[in-house]
Structure formats: structure tokens, C-alpha cells
Amino acid sequence: MQIKRSPEIHDVIVIGSGAAGGMAAWNLTQKGVNVLVLDAGEKFDRAKFWSHVKPWEWQPRFARGQRPPQFYLDLKDQPYTWEEGHYFQLTRVWGRGGKTNVWGRVSLRYSDLNLTEPERDGWEIPWPIRYKDIAPYYDRVEQLIGVNGGTDDTEWLPGSKHHLPPPAPRCGERLLQKAAAGIGIKLVAGRRAVVTRELNGHAPCHYCGACGRGCDISAFFNASDYLIEPALATGRLRVVDNAVVARILVNDKGLASGVQYFDRHTKEEHLVRARRVVLGASCVDSTRILLNSKSTVYPNGIGNSNDVVGRYLAEQIRFHIYGFLPELLGGLVYNDDGISGEHVYMPRFNPAGGRKDYLRGFGMQFWGCGAQDNADYGKSLPGFGIDLKQAIKRRYPSLVALHPYGEVLPRRTNRISVDKTPLDRYGVPIARIEYEIGENEKKMTHAMYDTCEEILHAANAEILPFERNHLDVSGGAIHEHGTCRMGADPKRSALNGFCQMHEVKNLFVVDGAAFTTATEKNPTLTILALAWRASDYMAEEMRAGRI
Amino acid sequence: MKRREALCAIVAAVPALNAQPRPLTFFGAADLQVLTRVADLIIPRTDTPGAADTGVQFHIDRAASSDAKLTAVLRAGIAAFQKVDDSEYARLLTSMMNASDEFFTVMKGLTIDAYYSTREGLVTELGWHGNTYVKEFEGCTHPEHQVADDAD
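Quick caveat, the model's predicted, so the values are computed rather than measured.

Some remarks on the overall build of chain A
Turning to step 1, where the next piece is worked out: Looking only at helices and strands, chain A features eleven helices and 17 strands.
Turning to step 2, where the next piece is worked out: For 547 residues, the compact-globule estimate of 2.2 N^0.38 gives 24 Å, and chain A sits close to it at 23 Å.
Turning to step 3, where the next piece is worked out: When its C-alpha atoms are laid out on the principal axes, chain A stretches across 75 × 60 × 45 Å.
Turning to step 4, where the next piece is worked out: Classification of the 547 residues of chain A by burial places 56% in the buried group.
Turning to step 5, where the next piece is worked out: Look at the contacts in chain A between residues 6 or more apart in sequence, and 75% of them connect residues 24 or more apart.

Observations regarding the overall build of chain B
Turning to step 1, where the next piece is worked out: Counting its regular elements, chain B contains seven helices and zero strands.
Turning to step 2, where the next piece is worked out: Start at the N end of chain B and walk to the C end: the helices and strands fall as α-α-α-α-α-α-α.
Turning to step 3, where the next piece is worked out: Once local pairs closer than 6 in sequence are excluded, the contacts in chain B between residues at least 24 apart make up 69%.

Re the nonpolar core
Residues and elements named next belong to chain A.
Turning to step 1, where the next piece is worked out: Ranked by internal contacts, the top residues of the largest apolar core, which has 199 residues, are Ile15, Ala25 and Val510.
Turning to step 2, where the next piece is worked out: Of all the elements, helix α11 (residues 524-543) adds the most residues to this core, at nine residues.
Turning to step 3, where the next piece is worked out: Leaving out residues up to four positions away in the same chain, Ile15 has contacts with Gly21, Leu38, Val245, Val259, Val277, Val278, Leu279, Gly280, Ala281 and Ile289.

Concerning the pairing of strand β13 (residues 399-407) of chain A
All names here are of chain A.
Turning to step 1, where the next piece is worked out: Across the nine residues of β13, nine count as buried, placing the element largely inside the fold.
Turning to step 2, where the next piece is worked out: Across three bridges, strand β9 (residues 316-318) lies against β13 in antiparallel orientation. Its bridge partner being in β13, Ile317 is matched across the sheet by Gly406.
Turning to step 3, where the next piece is worked out: Here four bridges tie strand β12 (residues 362-365) to β13, and the two strands are oriented antiparallel to one another. For Met364, the partnering residue across the bridge sits in β13 and is Pro404.

Topic: the sheet that holds strand β14 (residues 415-417) of chain A
For sheets, the rule is that strands pair by backbone hydrogen bonds, running either parallel or antiparallel.
All names here are of chain A.
Turning to step 1, where the next piece is worked out: The strand order across the open sheet built from three strands is β3-β15-β14, with neighbouring strands paired in mixed fashion. Here the strands that pair on one side only, and so sit at the sheet edges, are β3 (81-82) and β14.
Turning to step 2, where the next piece is worked out: Looking at chain direction, β14 and strand β15 (residues 432-434) are connected through three bridges and run antiparallel. By the bridge assignment, Ser417 is partnered in β15 with Arg432.

Focus: the environment of Val35 of chain A
Residue and element names in this part refer to chain A.
Turning to step 1, where the next piece is worked out: Structurally, Val35 can be placed in strand β2 (residues 35-38).
Turning to step 2, where the next piece is worked out: For the pair Val35 and Ala274, spaced 239 residues apart in the sequence, the C-alpha separation amounts to 9.6 Å.
Turning to step 3, where the next piece is worked out: Filtering out sequence-adjacent residues up to four positions away, Val35 remains in contact with Asp11, Val12, Val14, Ala25, Leu28, Thr29, Arg236 and Leu237.

Some words on helix α3 (residues 56-64) of chain B
Residues and elements named next belong to chain B.
Turning to step 1, where the next piece is worked out: Among the nine residues in α3, seven count as buried, and that is most of the element.
Turning to step 2, where the next piece is worked out: Where α3 is concerned, the buried positions are Val56, Gln57, Phe58, His59, Ile60, Asp61 and Ala64.
Turning to step 3, where the next piece is worked out: Next to the buried residues of α3 lie α2 (29-42), α4 (68-82) and α6 (102-115).

A short note on the packing of helix α1 (residues 19-30) of chain A against α11 of chain A
How two helices sit against one another is set out by the angle between their axes and by the gap between those axes.
Residues and elements named next belong to chain A.
Turning to step 1, where the next piece is worked out: Interhelical geometry of α1 versus α11 gives an angle of 35° and a closest axis separation of 8 Å. The interaxial crossing formed by α1 with α11 has right-handed handedness. Here Ala19, Ala20, Met23, Ala24, Asn27 and Leu28 of α1 come into contact with α11, specifically with Thr524, Ile527, Leu528, Ala531, Trp532, Ala534, Ser535, Asp536 and Ala539.
Turning to step 2, where the next piece is worked out: In terms of residue class, the contact of α1 with α11 is built from eleven nonpolar, three polar and one charged.

As for the pairing of strand β1 (residues 4-15) of chain A
Turning to step 1, where the next piece is worked out: In this sheet, strand β8 (residues 269-279) of chain A lies alongside β1 of chain A in parallel orientation, the contact comprising eight bridges. The residue bridging Ile9 of chain A from the neighbouring strand is Arg273 of chain A, located in β8 of chain A.

A look at the confidence of the model for chain B
Turning to step 1, where the next piece is worked out: Mean pLDDT over chain B stands at 86; residues scoring 70 or higher make up 84%.
Turning to step 2, where the next piece is worked out: What the predictor reports for the complex is a pTM of 0.95 with an ipTM of 0.92.

A short note on the packing of α4 of chain B against α6 of chain B
All names here are of chain B.
Turning to step 1, where the next piece is worked out: Between α4 and α6, the shortest axis-to-axis distance is 9 Å and the interhelical angle comes to 110°. The pairing of α4 with α6 is recorded here as roughly perpendicular in orientation. You can see that α4 and α6 cross each other, and the crossing is left-handed. From α4, Leu70, Val73, Leu74, Ala76 and Gly77 reach across to α6, where they touch Glu102, Phe103, Val106 and Met107.

Notes on the environment of Tyr131 of chain A
Residues and elements named next belong to chain A.
Turning to step 1, where the next piece is worked out: In this fold, Tyr131 is placed in helix α5 (residues 131-145).
Turning to step 2, where the next piece is worked out: Assessed through the 17 C-beta atoms surrounding it within 10 Å, Tyr131 is described here as partly exposed.
Turning to step 3, where the next piece is worked out: A C-alpha to C-alpha distance of 6.0 Å links Tyr131 and Ser111, two positions 20 residues apart in sequence.

Topic: helix α9 (residues 386-395) of chain A
Turning to step 1, where the next piece is worked out: Within α9 of chain A, the full set of buried residues consists of Leu388, Lys389, Ile392 and Arg395 of chain A. The arc that holds the buried residues of α9 of chain A, viewed along the axis, is 140°, so those residues lie on one side. Looking at α9 of chain A, the residues exposed on the side facing more than 90 degrees away from the buried face are Asp387 and Gln390 of chain A.
Turning to step 2, where the next piece is worked out: If you follow the buried residues of α9 of chain A, they end up packed against β10 (321-324) and β13 of chain A together with α2 of chain B.

Focus on unusual backbone geometry
Residue and element names in this part refer to chain A.
Turning to step 1, where the next piece is worked out: Here the phi dihedral of Lys420 falls at roughly 55°; this positive angle occurs in a residue that is not glycine.
Turning to step 2, where the next piece is worked out: Tracing the sequence through the fold places Lys420 in the loop between β14 and β15.
Turning to step 3, where the next piece is worked out: Judged by local crowding, Lys420 falls into the exposed class, with 7 C-beta atoms found within 10 Å.
Turning to step 4, where the next piece is worked out: Unlike most non-glycine residues, Asn460 shows phi in positive territory, near 55°.
Turning to step 5, where the next piece is worked out: Structurally, Asn460 is set in the loop between α10 (439-458) and β16 (462-463).
Turning to step 6, where the next piece is worked out: Residue class for Asn460 comes out exposed when judged on the 12 C-beta atoms lying within 10 Å of it.

Conventions used here
Residues numbered from 1 in each chain as written. Chains lettered and ligands numbered in written order. Predicted model: local features only at pLDDT ≥ 70, side-chain atom pairs only at ≥ 80, totals over all residues. Helix = DSSP H or I, 4+ residues; strand = E, 2+ residues; numbered from the N terminus. Rg over C-alpha atoms; globule rule 2.2 N^0.38 Å. Buried ≥ 20, exposed ≤ 12 C-beta atoms within 10 Å, placed from the backbone. Contact = placed C-beta atoms within 7 Å. Core = buried A, V, L, I, M, F, W, Y, C linked by C-beta atoms within 7 Å. Pairing = 2+ DSSP bridges. Axes fitted to C-alpha atoms, helices over the stretch in contact; angles between N-to-C directions. Left-handed = near helix turned anticlockwise from the far one by under 90°. Nonpolar A, V, L, I, M, F, W, Y, C, P; charged D, E, K, R; others polar. pLDDT = per-residue confidence, 0-100. Parallel < 35°, antiparallel > 145°, perpendicular 65-115°, else oblique. Arc of directions from axis to C-beta.

This is the structure:
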């Protein structure tokens, strides 16, 4: 097949249109830069979301041949492999806005305690930035996208002056908050990128609880409506849909000179030229692209002479415990949908009384408290028949759910590679993921279970049977980090603190791959802040003629 | 909660009817009869409809059509029930439960999934009234549930 070569040399090519790429494209176009975005999918049609389709309406619709939007990338469409016996579940959304179409929306600021932790405990390299470097960008991001939350401000979870009003906690969450307070654990208001008041033209949430199916009115941040659309409105952005990027091209000076991509449907090969490239295709896909970008200058993948790219993959450990609160058994059933997801959050804390036998730590989310549109817990109740039916009904308003998230240490052996892997439909090597948690995470898991049980016992809850030390499948938190990490030492990191490659000054990597550590927090708010900061720096370097 | 009370009153006044027959995608009529009876033993009709009333058996039939492992478990279970008299079903299901038989676990899971996603199971039985438009989310308003030192 003939290769399509575009003669135009773009100011900047951005790969990906999610939180990372979307933010870079938005900020650069605001600053007058012309940008070409390559997106691996298409725009999702908000009018066709199934946000308000009731559970009993799904099957009849399926029978008529209707389908909800297919957000999640099919493994057959773009495969990856993993080490035998160590399955890693990779969740990808290819299309305008990426995973932000359906994300969990939890928006927590990282603290100096997070960023300096490697210095304190000696495990791997520290972040090259401090809270004061990101704080102004957190402020700007929160004002742009709308994050609701409380007025709390602590050393593990820095506060914000820009939170929208948080939704009131549900009954179960109030009772957990009260019980936890009794044993010295403080649950604060959740922080979510859901617009609870009209903001920047985005209509407020109507509390239908179906965020996971995509929001029909765009009341939570998604990069498509909040970033790409305004960027298009400047007239300085062009988006190419269905552009599956394979490689970043390199010139003889070792700088990025363009991008090779394949049309997702026709498989046609395209080469586009650029003076600068921003990579924001999500951690694993960005890393695959970097490692496949081999040249005589960079035989180990672009910007990877130090063999750091692809290594230190860190996700998060998590699990789920359920209970029933006695005060709410057999009580009134409320519409507990709210902003979907928890309205309270347990920030990381240092256990009272001192020492812990593991590094780093965990926070806790509480999504799924109160009346749900299913009764899954019934499967774990004993028996069958009228007794079971009554037991399910009685417990229905009293359900509480605990979901702790723990940091996984960066390890050199946890890695993404493209060597000796099969080729995809375009003839490009696919990613292979090798990933295993270690003793530290196993010890932390104990503490996570202990904390869940302490809170539930304090609330006098009936605890639904669980298997202690069970963890979600690797990759389950959908928080991949670290495979192109930033650091002050170019020998041990791939990027500087502005997401700029040490070796390739006109190449920036702005997604979760850039993170030095995983932390216990959800990364998207920080991806947005760091991508904004990186693209500010990039625009400044362009103006100064350095890149 | 008046709407919910009204709904309950309607259901109580009108005897629940068995679900209308629907085309089968996988099992035959004799197999379906077993699935229907077992599902109804798991979630029976009370003052609200039971599993069979809501057509849970047709959901199970459809689920089996795309899952070979599930099919094998269901086939083995159905065969066991076809060997006994109808009046023995509850006893057989109890012994399967006590033996942690996979058929019991699978049927219980499928029945709960399907029943509580029907309007009868979710709205009439449990009282769910979510996934709708709400102007302001009130949350918990019980004075006794509030935290004294309000952690915001």
C-alpha cells in the first residue's frame, strides 16, 4: 500500500485527546500555537449515550439490535500480551476524550508528602517537582473543569479554594463518617470533577447516577467537550480521527521530526512532519510508541539510551468490602444516586500509635453506598427462597461499600516491552506487560483490610463474607504510571520536571507514564495539571527558539 | 414514598401472572421448565412477583447461549432435576446448596442478576427509584446521623 506523506510541517503534533493530550492541545491553541491532534478513534455521540436507559430496558434494546456506545477498546482490535500467569487487565478508550468519557472523576491533589516520599524512605528516585510547582496549576485546572469538594486542607490532602459545593453524604456515608471519627479516622468530603453548579457553560449535574455510561449533558469533565471543542473553536486545532500512531520519527540530530500512523479502518500508512511532538496516548500506549520508535540514534527506542522507558510500571492495589448498617436495615429507600461514586473520602493517614511495616500508604473510596440498581450482594447471603428474598430487601437501603487504593512501589522489573512480541494488524509490535506486586504491597494489603474492618466494626456493621488478602486483578484500578518517568537525574529518568525528554528536547510525554511514583491517589487531576505546566513551558521554549 | 406504597398496593391487589412465553434461544421447553421452577424456588412470589413471573428463565436461556462453561454447568444441573419428581425440587436444591454445587451457585447468581434488573424486582420489590432527574441532591437528612464535628 502506498504511504501517504504530508508535506506540511506542523508546529506541534499531539498524540491522544484525553486528559493529557487534550490539555496540551487546549493550552497550546490558547497560546496561539497551531496544533494537529492524532486521535485513535472518533468522537462519541452524546445524544446516543444510554445514560437514562433503565436496567429492564437494556435487554429489549439489545434484542432490537441496538447497542450503547462502545467506549472500551476491544482486545481483538488492538491486542497486548502479558507474562503467563500474571494477567494485567488493560482498559483503553480510543476516541475523542479517551477514558475521560467514562472516568471515575475522583480529583485529589498530590501533596509534598507524596512527592518527597522516595527521599524519605529511599525507594527509587524522587519527583523533580514540589507541591508549590503544581499548586498554581491545580488551581487553574479546578477552575476550568469544576471539581466539587470540601474545605479540608491537610498534609496528605492539600485543600483548594476553588471547589464547587460538594453533594451531601448519603445516610450510609454519614454513619461511616461518624463511626470512623469515633476511632480517630477522618472521612472528608469527596472531591470529584462533577459540575454541581453551572460552570463555564457546562450544565450542572442532575444526579442520575449513570456517569459510568457517559454523561448525556457533559456535567462532568471530559476532555472532548471541555478541552478539544474549545481548542477547535480557536481555529488553530485540527484533529485527525482514527489515527493509530505507531512511531515517532527521528532526524539525524536525534530530534523528533514527525509521526507515523495508520488509519484504523483502511490501514493506510501516513507520515506527518512536525517541529515538536507531545505524547499523551495513555501510559501503556505511549510507552509502546516510544519503544517502537527505534532508529540508529536510538536503537532502544526514542529517548531511551538509559533503558528507563518501559520500566517502573506501577499501578495501585485495591479491593472491595461490603457491609450493612444496623440503623438502615429495613428502612426507607432513598434515591442514593447523587453524583455517582462516593460523597466522602478517607485521605491517607499514618496509623495512630506509630510504625507501619510497609512503605507508602493507602486512601479509601466508598462508591456504591445505599440503594443501587442491582442486588449483587444477595449472591453472598446464605440460602434461597422467601428468606433470601426478605434478607435482600431488608439489607437494600443499608449497603455500604469500602474500596481502599494503595500505592505500588516502582520496580525496574515491572515493565512494558515490544521486543519479540507479535505484530498488530498494521505490522507494528504490540506491547507486552510484565507486572507483579511485591512483599511491600502484601503487607500494605493487611493494613488495608484491618482499616476496613475497624471502620465497619465501629459502625456495628454486618460484614458481607470476604476472602482476606484478595486483591483486584492487576490493572483493575486503571491507574498505570511510571514507564517514562520524570526525574532530576537524566541517568535514572526519561523526562525532566516539565515532561520534556532529557535526550529529545522537542518531545514531551504528558500522561501517567511521566509519573515518578503512583501514590495512593487517582492521577487524572495531576495529569491535567502537569500537562498544563508542561505545555506552558513548551510554549515558552518555542518562543525563545530553543525547541 | 407515596408512589412506592401505591405500587405495592397495586401488586398486592392483582395476582402476579406468569411471564408471557418468549422464543427460546438455547434450551428446549423441558429444560426451560426446570430452570423456571428452580429460579422460582430461589426468588419465589410473595406479595410481589417472583423470578418466574418476571421471565428470569428467559434471561438464563439467553445467557447460556453465549457461554459454553455456563451451559455445561446448567445442563448437568437440569439433568439432575429431571431425574426427580417435581415435589422433590426444594429438597434437591437444598442438598445442592449444602454441597456447594456449582449449579446452585450459578442459578442463584443468574436469578439475582436477572430478577433485580426487572422493573418488578428492582422497583416493586426493592423500591429503587433512581437514574432520574433530581434538581438538588439532599443526601442524609436524619439529625441523628450527622457528625458533631462536621468533617467537610
